[in-house]
4 protein chains.
Amino acid sequence: MTAVSDVRTTIGALRREVCGLHAELTRYQLVVWTAGNVSARVPGQDLLVIKPSGVSYDDLTPENMVVCDLEGRVVDGEHAPSSDTEAQAYVYRHLPHVGGVVHTHSTYATAWAARAEPVPCVLTMGADEFGGEIPVGPFAVIGDDSIGRGIVETLRDSRSPAVLMQNHGVFSIGKDARSAVKAAVMCEDVARTVHVARQLGQPVPIPQDRVDQLFDRYQNVYGQPG
Amino acid sequence: MTAVSDVRTTIGALRREVCGLHAELTRYQLVVWTAGNVSARVPGQDLLVIKPSGVSYDDLTPENMVVCDLEGRVVDGEHAPSSDTEAQAYVYRHLPHVGGVVHTHSTYATAWAARAEPVPCVLTMGADEFGGEIPVGPFAVIGDDSIGRGIVETLRDSRSPAVLMQNHGVFSIGKDARSAVKAAVMCEDVARTVHVARQLGQPVPIPQDRVDQLFDRYQNVYGQPG
Amino acid sequence: MTAVSDVRTTIGALRREVCGLHAELTRYQLVVWTAGNVSARVPGQDLLVIKPSGVSYDDLTPENMVVCDLEGRVVDGEHAPSSDTEAQAYVYRHLPHVGGVVHTHSTYATAWAARAEPVPCVLTMGADEFGGEIPVGPFAVIGDDSIGRGIVETLRDSRSPAVLMQNHGVFSIGKDARSAVKAAVMCEDVARTVHVARQLGQPVPIPQDRVDQLFDRYQNVYGQPG
Amino acid sequence: MTAVSDVRTTIGALRREVCGLHAELTRYQLVVWTAGNVSARVPGQDLLVIKPSGVSYDDLTPENMVVCDLEGRVVDGEHAPSSDTEAQAYVYRHLPHVGGVVHTHSTYATAWAARAEPVPCVLTMGADEFGGEIPVGPFAVIGDDSIGRGIVETLRDSRSPAVLMQNHGVFSIGKDARSAVKAAVMCEDVARTVHVARQLGQPVPIPQDRVDQLFDRYQNVYGQPG
């Protein structure tokens, strides 16, 4: 098998994976209509695979996923790519360890984002997954690099795999698309639970050394052995 | 094919479309029992297609949709049309660019309507879809033109495709029935997220020029090329 | 066909109807586990058909519904009837126009019940369905007639088909089981929307004459002609 | 059939039961992603059956459940067991009447846990199921016996089958796995309803003698005869 056919095989697998992962966004009600998307980096290539723009989740197929270069230009696909492609391409260009990106406007996380308020780390689940608070990124509008830059500058030095973009919604990252989807799911769950806790009073803080201990263990021990 | 059979074909297609779109109202939990409906204008005819009154969403078929003239009188159908038919017919008579109308009592939007308070534009999704706040229409009861008139007077000079009728619920419009359904879905999503944001403080405002920029781009660039 | 076989046929049909209507309680998330039930009066007989006690909704069949007399004693059935049977039998004995009764602990309605606070009539849907506020009944515990008496005394002179039993949950009534289920669904929807409205301020009141106008029209005009 | 094959048969049945009960956690939205689990004691053996760690609910099968001893060491299974196994093993070691344990981070219960605030008994459902308030256990992190000890010390002298572990989530117990799942479902339902009630004021207290009366009756009379 040639290197070219290897890349084709990889892209075919990523088309199926990216397509299928959108079912997690609808399952956990992180998205309505067409307002959210998943992308994956093609390993070793300056390429990404992403949802087509404005297509219903019911109508997604591996074939209508769009392959773009890391400037966001379409390389393969019949459809226009997600309007978030440029922002996600910026993330892949500047954070080489990132293999997947997800964007949602999930309700509770976006509500914190509307107030430009980070979600405090008052749950063991928050410590496990985010290693501290879920941070807020700047207000930025589509049309230039400002969303991508805001994501990268906020997450580059954070343990959190998710950022609440002010007045906008969530972008999450991971070593692959599935990890980024998990971070989006956990972000909404933590944002919702802390919101509910705060409605009737103040949550008890978790000391920083315990947050560190939980984060380290969860990142290194949880789940099945690699 | 004669002009008459063309109209029959169009109406048949609209019966299927209007019937099917009710599944979006239940999917996004915008309605309970039989309390919400979709209608479509028959292009080029003074006719509309609408849900029958008081029939369960499970029992809707293309055949039991009702065809009415733009005064709300039944032209074709075994069932009585939705009790909102007169209001929707009024909208079609007075707003010729409208091809679809949706009515719901979705929870969060109706909660703003109960307080007669517009949903402020503090999310990029609100700027994209509504171009500003989601406005409130007057209190009006069924029985004369007052609901239809309230919808038209509120939306005629607004960029918003949805109005919160005071103490009542949502009416949304679109170039076709699908667009009106999308507006109803987005209205509830924005109403819910802003509600949740407001529960714990004040959202950050979005400057008007940014709202305009987002609205213009979304209306002209988003989705697949026509 | 003899009168006896007529009654058997009617009871068979009611077993299927009562069994099937529990799917509406789960669809609208009015119940968890086994905590809610539907019953129907057998017309012209001093009998009712009700859910068996503590049986999962997934496991309900027409055959495991229980037939009781109006003192709550089992007449036909392999299972013990719902622990709410005595309360519902009391309702059938004292309100002859009632053909169906439903009991739930649906979240928002029960929250108003926990505060012993009626749901005010600030939505057209509330005026349509309940003709005013949704009233609160007394605190009463299982073991004597006090729940049934509380329901009857609260609803006898009310236009509302639902009562919020203090610290407990909802009982709703109707001319048949389906109408009682509808009232339970609408009760939760109205309780939730008014709750959400109240979280951020005060809803606008609806004048009493408008409540009356809406109620009269809805009871007499809505839906398909009988 | 030998005693050894009896144990094998029992373990096979428990693998199916524990696997299947996870569907109740997802049905009632008590868990997201992989964050929650069910276990069962193997009667008469120092063994338990539990979910594998980090495996999606969609991918659970009777075969991938893990059998551990009551120190949490794997006895039979291809996968690493849930990271909560040590805590649950501690519970089985110290509470011999417990046959099932469930862990979730369900939203409303965890919100009370984040504030270290017990859920007060202001609903008849709370009196029935928990016999009083739902208590709070200590803050404890994974890595030693502190979670298990916190659960046992909180529940040993309580009528409640559920504990809110501070900043963490819910652990519930029962005579078997199904009962523990029911307690987890009821815990979230009660936590949510009381939360909603408290958002707009103070619930009416239930006198202690009525709580006792409800609890005694529910534990001894409800459901089908054994």
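In this text the structure is predicted, and so the values were computed from the model without any measurement. (Residues numbered from 1 in each chain as written. Chains lettered and ligands numbered in written order. Predicted model: local features only at pLDDT ≥ 70, side-chain atom pairs only at ≥ 80, totals over all residues. Heavy atoms only, no water.)

### Side note on the overall build of chain A
Thought 1: The helix and strand inventory of chain A stands at 7 helices and 8 strands.
Thought 2: A buried classification covers 62% of the 226 residues belonging to chain A.
Thought 3: Taking the contacts inside chain A whose residues are at least 6 apart along the sequence as the reference set, 62% of them involve residues at least 24 apart.
Thought 4: For chain A, the exposed surface amounts to about 8,400 Å²; the carbon and sulfur share of it is 48%. (Helix = DSSP H or I, 4+ residues; strand = E, 2+ residues; numbered from the N terminus. Buried < 20%, exposed > 50% of the residue type's maximum accessible area, 1.4 Å probe, protein only. Contact = heavy atoms within 4.5 Å. Areas by Shrake-Rupley, 256 points an atom, 1.4 Å probe, with all protein chains shown as cover.)

### Comments concerning the packing of helix 3 (residues 107–114) of chain B against helix 6 (residues 177–199) of chain B
Residue and element names in this part refer to chain B.
Thought 1: Interaxial distance between helix 3 and helix 6 falls to 7 Å at its minimum, and their mutual angle equals 65°. Accordingly, the angle class assigned to the pair helix 3 and helix 6 is roughly perpendicular. The handedness of the crossing between helix 3 and helix 6 is left-handed. Contacts between helix 3 and helix 6 involve Thr107, Tyr108, Ala109 and Trp112 on the former and, on the latter, Cys187, Glu188, Ala191, Arg192, Val194, His195 and Arg198. (Axes fitted to C-alpha atoms, helices over the stretch in contact; angles between N-to-C directions. Parallel < 35°, antiparallel > 145°, perpendicular 65-115°, else oblique. Left-handed = near helix turned anticlockwise from the far one by under 90°.)

### Observations concerning the interface of chain B and chain A
Thought 1: At the junction of the two partners, chain B supplies 34 residues and chain A supplies 33 residues.
Thought 2: Carbon and sulfur atoms supply 60% of the area that chain B and chain A bury against each other, a total of about 2,900 Å² over both sides.
Thought 3: Three residues stand out in chain B for area buried against chain A, namely Leu200, Tyr222 and Gln224 of chain B, and they jointly supply 22% of the buried area on that side.
Thought 4: Our count for the chain B to chain A interface comes out at 1 salt bridge.
Thought 5: The salt bridge involving Arg27 of chain B is made with Asp58 of chain A; its shortest N-O contact spans 2.5 Å.
Thought 6: The interface formed by chain B and chain A includes 10 residue pairs in polar contact (both at pLDDT 80 or more).
Thought 7: Those elements that provide at least two residues to the side of chain B that touches chain A are helix 1 (3–27), helix 4 (124–130), helix 6 and helix 7 (208–221) of chain B.
Thought 8: Per-element accounting of the side of chain B that touches chain A gives the leading share, 11 residues, to helix 6 of chain B. (Buried area = accessible area lost by both parts, 1.4 Å probe. Salt bridge = Lys/Arg side-chain N within 4 Å of Asp/Glu carboxyl O. Polar contact = N/O pair within 3.5 Å; in protein donor to acceptor, adjacent residues only side chain to side chain.)

### A word on the relation of the copies chain B and chain A
Thought 1: Its rotation angle being 90°, the transformation that places chain B on chain A also includes 0.0 Å of axial translation and leaves an RMSD of 0.0 Å. Overall, the copies show the geometry of a four-fold rotation axis. Rotation axis and chain B: the residue whose C-alpha lies nearest the axis is Gln199 of chain B, separated from it by 5.3 Å. (Least-squares fit on C-alpha atoms with pLDDT ≥ 70 in both.)

### Concerning the pattern of salt bridges
Residue and element names in this part refer to chain C.
Thought 1: Applying the stated criterion across every chain yields a total of 44 salt bridges over all chains.
Thought 2: The residue Asp69 makes a salt bridge to Arg73 at a minimum N-O spacing of 2.9 Å.
Thought 3: On the accessibility criterion, Asp69 (16% relative accessible area) is buried.
Thought 4: What makes Arg73 exposed here is its relative accessible area of 53%.

### Observations concerning the side chain of His22 of chain B
Thought 1: Position of His22 of chain B among the secondary structure elements: in helix 1.
Thought 2: Leaving out residues up to four positions away in the same chain, His22 of chain B has contacts with Gly36, Asn37, Val38, Lys51, Tyr57 and Leu60 of chain B.

### Observations regarding the sheet that holds strand 5 (residues 100–104) of chain B
Residues and elements named next belong to chain B.
Thought 1: Read from one edge of the open sheet, 8 strands run 4-3-2-1-5-8-7-6, paired in mixed fashion. The strands lining the two open edges of the sheet, one partner per strand, are strand 4 (74–76) and strand 6 (136–137).
Thought 2: Pairing of strand 7 (residues 162–165) with strand 8 (residues 169–174) involves 4 bridges; the strand directions are antiparallel. Bridge assignment links Leu164 to a residue of strand 8, and that residue is Val170.
Thought 3: Against the sheet, helix 3 engages strand 7 and strand 8, with an angle of about 55° to strand 7.
Thought 4: Contacts between helix 5 (residues 146–155) and the sheet are confined to strand 6, strand 7 and strand 8, with strand 7 contributing the most and set at about 130° to the helix. (Pairing = 2+ DSSP bridges.)

### Some points on the relation of the copies chain A and chain D
Thought 1: Screw-axis analysis of chain A against chain D gives a translation of 0.0 Å along the axis, an RMSD of 0.0 Å, and a rotation angle of 90°.
Thought 2: Of all interface residues in chain A, a mere 6% are interface residues in chain D too; the two copies therefore contact each other through different surfaces.

### Some words on helix 3 (residues 107–114) of chain C
Thought 1: The buried count for helix 3 of chain C comes to 8 of 8 residues, which makes it a mostly enclosed element.
Thought 2: Where helix 3 of chain C is concerned, the buried positions are Thr107, Tyr108, Ala109, Thr110, Ala111, Trp112, Ala113 and Ala114 of chain C.
Thought 3: On its buried side, helix 3 of chain C packs onto strand 7 (162–165), strand 8 (169–174) and helix 6 (177–199) of chain C together with helix 6 (177–199) of chain D.
Thought 4: After helix 3 of chain C finishes, the residue Ala116 of chain C shows a positive phi value of roughly 55°.

### Thoughts on the interface of chain A and chain D
Thought 1: Tallying the contact residues gives 34 residues for chain A and 33 residues for chain D.
Thought 2: Summed over both partners, the interface of chain A with chain D buries about 2,900 Å², with 60% contributed by carbon and sulfur atoms.
Thought 3: At the junction of chain A and chain D, the tally comes to 1 salt bridge.
Thought 4: At the junction of chain A and chain D, the tally comes to 10 residue pairs in polar contact (both at pLDDT 80 or more).
Thought 5: For the side of chain A that touches chain D, the secondary-structure elements that each account for two or more residues are helix 1 (3–27), helix 4 (124–130), helix 6 (177–199) and helix 7 (208–221) of chain A.

### Some words on the UniProt feature "domain: Class II aldolase/adducin N-terminal" (unreviewed entry) in chain A
Thought 1: Under the present numbering, the feature "domain: Class II aldolase/adducin N-terminal" (unreviewed entry) in UniProt falls on residues 16–195 of chain A.
Thought 2: Secondary structure content for residues 16–195 of chain A is 37% helix and 19% strand, while the C-alpha to C-alpha distance between its ends is 35 Å. (UniProt positions renumbered as here; feature names shortened; annotations may be inferred.)

### Looking at the pairing of strand 8 of chain B
Residues and elements named next belong to chain B.
Thought 1: Across the 6 residues of strand 8, 6 count as buried, placing the element largely inside the fold.
Thought 2: Bridging between strand 5 and strand 8 involves 5 bridges; their strand directions are antiparallel. When the bridges of strand 8 are listed, Thr104 appears paired with Val170.
Thought 3: Connecting strand 7 to the next strand, strand 8, in antiparallel fashion are 3 residues, including Asn167 with a positive phi near 60°.

### Notes on unusual backbone geometry
Residues and elements named next belong to chain A.
Thought 1: Unlike most non-glycine residues, Trp33 shows phi in positive territory, near 55°.
Thought 2: The topology assignment puts Trp33 in the loop between helix 1 and strand 1 (36–42).
Thought 3: By relative accessible area, Trp33 is classed as buried at 9%.
Thought 4: Not every positive phi belongs to a glycine, and Asn167 is a case in point at roughly 60°.
Thought 5: One can find Asn167 in the loop between strand 7 (162–165) and strand 8 (169–174).

### Describing the sheet that holds strand 8 of chain A
All names here are of chain A.
Thought 1: Taken together, 8 strands build an open sheet; the order of strands is 4-3-2-1-5-8-7-6 and the sheet is mixed. Only two strands of the sheet have a single partner each, and these edge strands are strand 4 (74–76) and strand 6 (136–137).
Thought 2: In the sheet, strand 2 (residues 47–50) pairs with strand 3 (residues 66–69) via 4 bridges, with the strands oriented antiparallel. In the sheet register, Ile50 faces strand 3, and the bridge partner there is Val66.

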